[in-house]
Amino acid sequence: MKLTTTSMSVVGLMVLAFNSYASEAVPKEVRVAYGGSSQVLVLAKVDGSLEKALNTKVKWVQFATGADALGYFASDAIDIANFGSNPAVAGIARNLPIEIFGIAGVIATSERLIAKEDIKTLQDIEGKRVAYPPNSTAQYALDAAILVNNIDRSKVKLIPLRPSEMVAAWKRGDIDAGYVWAPFAQELEVSGGHSIYATKQLQEDGYLIYNNYVVRTEFAKAYPELLSKFLQVHQEKVDEFKNDPAKAAAIVAKDVGAPVSTATNTLSGLEYPTLKEQVTAQWLGDGSDTDNSGIGQAVHKTANFLESIGEIRKRDIPESFDKGINVNYLKQAIATPAQ
């Protein structure tokens, strides 16, 4: 077929438009924040599979707490982060332009209450000094455990401490117990502590506490396909861990600088719903009735807890969290075969 001058011009413009789009299809760099502890996403950091899947450079940003991650989001220093449900809900309630787009892991035994030898049961914390990381899933779990077990909160001296500060306070004898995650939980155990309660036990009382993947809304709108690929890599690494837990734990332990036993304990202390499971009503739902999905209900319950401790204001809690939970990237990840 012979092209006329006009048709050639049109084709040329189409090529230019395509090249322009292609150059903007992925950002020059994706900034991914993680807590620095053992998690399946570290496997993708070590072997470079996330960079390969996203077809761009990944900058790994480490943070200490979820509150720090919110600060990074607020200052436009990160694009994606894996952190707890508490700070994620707080950020959404404060109108931070972020959204939850996947579940990284449901907290089971990876976060737990470690106590001194004379504290045998949860009821024994009355009259004791109990530390927790502020605005964290551990704080939420501790508060919920006190509530559902009918413990007199006024008789428990609750002390907010960052995880590293908690370990130091424990060794000085300033606290009697601490609710925290790895590797700090193991440090308390090595220093004479023992576990008396784990977050998984709260599931029996209707509490779902988890770590989620959160993204800047602006970034999500610009690179939706990238988020779907991110979730596919997450699933690949979950499968990799389940297929050979010992090997995965050794890889993660080396990267985060933790004993293999600690990495094993942490990775196995999370429950991992598959991508397909995540879009069911039990978890995030399919987008048609988000607030009544398992995570939707958990988000509302978390918001009420945050309001009760003064972390957010009652008037800031939205009637619906539909805009803060986006399952479109999950659905696309499921529908599109991983490359």
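The model shown is predicted, which means the values in this text are computed figures rather than measured ones.

Considerations on the domain arrangement of the protein chain
- On domain assignment, one finds that the protein chain holds domain 1 (29-107 + 209-335) and domain 2 (111-205).
- Taking only C-alpha atoms, the centre of domain 1 and the centre of domain 2 are 24 Å apart.
- The partner domain 2 presents 19 residues to the 24 residues of domain 1 that form the contact.
- Taken together, both faces of the contact between domain 1 and domain 2 bury some 1800 Å²; the carbon and sulfur share is 56%.
- Considering only the surface of domain 1 that becomes buried against domain 2, I107, I209 and F305 emerge as the three largest contributors, covering 33% of it.
- Across the domain 1-domain 2 interface, the total number found is two salt bridges.
- Between K200 and E271 there is a salt bridge whose closest N-O contact spans 2.5 Å.
- Viewed at the interface, domain 2 and domain 1 are joined by six residue pairs in polar contact (both at pLDDT 80 or more).

Comments concerning the pattern of salt bridges
- The final tally for this structure, using the stated rule, is 19 salt bridges.
- Across the pair R31 and D76 runs a salt bridge whose closest N-O atoms are separated by 3.3 Å. With a gap of 45 residues between them, R31 in strand β1 (residues 29-34) and D76 in the loop between α4 (66-74) and β3 (80-84) connect regions that are remote in the sequence.
- Close ionic contact of D174 with R172 constitutes a salt bridge, the shortest N to O distance being 2.7 Å.
- Overall, D174 belongs to the partly exposed group, its relative accessible area being 35%.
- Here the residues in one salt-bridge network are R31, D76, D79, R216 and E218, joined through shared partners.

Comments concerning the packing of aromatic side chains
- The final tally for this structure, using the stated rule, is 11 aromatic pairs.
- Relative to Y213, the ring of F101 lies with its centre 6.0 Å away and its plane at 35°, an arrangement referred to as tilted. In this pair, F101 sits in strand β4 (residues 98-107) while Y213 sits in strand β10 (residues 210-216), placing the two residues 112 residues apart along the sequence. Accessibility assignment for this pair places F101 and Y213 in one class, buried.
- The interplanar angle of 85° and the centroid separation of 6.4 Å between the aromatic rings of F101 and Y329 together place this pair among those described as edge-to-face. Separated by 228 residues along the polypeptide, F101 in strand β4 and Y329 in helix α15 (residues 328-335) bring together distant segments of the chain. Grouping residues by exposure puts F101 and Y329 together as buried.
- Of the aromatic side chains, those joined through ring pairs into one cluster are F101, Y213, F230 and Y329.
- Sitting over the ring of Y207, K301 keeps its end group 4.5 Å from the ring centre.

Some words on the UniProt feature "domain: Solute-binding protein family 3/N-terminal" (unreviewed entry) in the protein chain
- In this numbering, the UniProt entry assigns the feature "domain: Solute-binding protein family 3/N-terminal" (unreviewed entry) to residues 29-244.
- Helix makes up 40% of residues 29-244 and strand 26%, with an end-to-end C-alpha separation of 31 Å.

What about the pairing of strand β6 (residues 129-132)?
- Relative to strand β7 (residues 157-160), β6 runs parallel, the two sharing four bridges. Within the sheet, the bridge partner assigned to A131 lies in β7 and is I159.
- As paired elements, β6 and strand β8 (residues 177-181) share two bridges and run parallel to each other. Residue pairing for β8: V130 is matched across the bridge by A177.

Thresholds applied
- Residues numbered from 1 in each chain as written.
- Predicted model: local features only at pLDDT ≥ 70, side-chain atom pairs only at ≥ 80, totals over all residues.
- Heavy atoms only, no water.
- Domains from an automatic or database assignment.
- Contact = heavy atoms within 4.5 Å.
- Buried area = accessible area lost by both parts, 1.4 Å probe.
- Salt bridge = Lys/Arg side-chain N within 4 Å of Asp/Glu carboxyl O.
- Polar contact = N/O pair within 3.5 Å; in protein donor to acceptor, adjacent residues only side chain to side chain.
- Helix = DSSP H or I, 4+ residues; strand = E, 2+ residues; numbered from the N terminus.
- Buried < 20%, exposed > 50% of the residue type's maximum accessible area, 1.4 Å probe, protein only.
- Phe/Tyr/Trp six-rings, centres within 6.5 Å; stacked < 30°, edge-to-face > 60°.
- Lys NZ or Arg CZ within 6 Å of the ring centre and 35° of its normal.
- UniProt positions renumbered as here; feature names shortened; annotations may be inferred.
- Pairing = 2+ DSSP bridges.

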